[in-house]
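# Structural overview
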Amino acid sequence: MTNQLWGLWRDTWWLWTAFVVLTIIFSFLVGMFFLVLLPCLPVPFVYFAINRYDEDGNEKHDLGA
């Protein structure tokens, strides 16, 4: 499972970093309740890592079938 997580991080690190930065910015501009999203971000990260990457950390090619 570690390879799956590293595979997703390798391909989408910029997206997850943007999510964290935007969440922190919104928490300062709009309200502190946006900080509740930070502990929720690992859930979709792990979900997509398990479903989109194989045990070697490579993207699965049969997703559309």
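A brief report on the enclosed structure follows.

## What about the nonpolar core?
Formed by Leu8, Trp16, Leu41, Phe45, Ala49 and Tyr53, the largest nonpolar core amounts to 6 residues. If you list the elements that add at least two residues to this core, you get helix H1 (2-29) and helix H3 (42-52).

## Quick notes on the packing of H1 against H3
The contact between H1 and H3 brings their axes to 9 Å, and the two run at 125°. As the angle between them shows, H1 and H3 are arranged oblique. For H1 against H3, the interelement crossing comes out right-handed. Contacts between H1 and H3 involve Gln4, Leu5, Leu8, Trp9 and Trp16 from the former and Pro44, Phe45, Val46, Phe48, Ala49 and Ile50 from the latter. A per-class count over the contact of H1 with H3 returns 10 nonpolar, 1 polar and no charged.

## Quick look at the environment of Leu35
Its place among the elements puts Leu35 in the loop between H1 and helix H2 (37-40). When its relative accessible area of 32% is taken as the criterion, Leu35 is described as partly exposed. Placed 34 residues apart in sequence, Leu35 and Met1 show a C-alpha to C-alpha distance of 27 Å.

## Overview of the environment of Ala49
Considering the arrangement of structural elements, one finds Ala49 in helix H3. Taking relative accessible area as the criterion, Ala49 reaches 1% and is therefore assigned buried. Separated by 40 residues in the primary sequence, Ala49 and Trp9 have C-alpha atoms spaced 8.5 Å apart.

Conventions and cut-offs
Residues numbered from 1 in each chain as written. Predicted model: local features only at pLDDT ≥ 70, side-chain atom pairs only at ≥ 80, totals over all residues. Heavy atoms only, no water. Core = buried A, V, L, I, M, F, W, Y, C linked by side-chain atoms within 4.5 Å. Buried < 20%, exposed > 50% of the residue type's maximum accessible area, 1.4 Å probe, protein only. Helix = DSSP H or I, 4+ residues; strand = E, 2+ residues; numbered from the N terminus. Axes fitted to C-alpha atoms, helices over the stretch in contact; angles between N-to-C directions. Parallel < 35°, antiparallel > 145°, perpendicular 65-115°, else oblique. Left-handed = near helix turned anticlockwise from the far one by under 90°. Contact = heavy atoms within 4.5 Å. Nonpolar A, V, L, I, M, F, W, Y, C, P; charged D, E, K, R; others polar.

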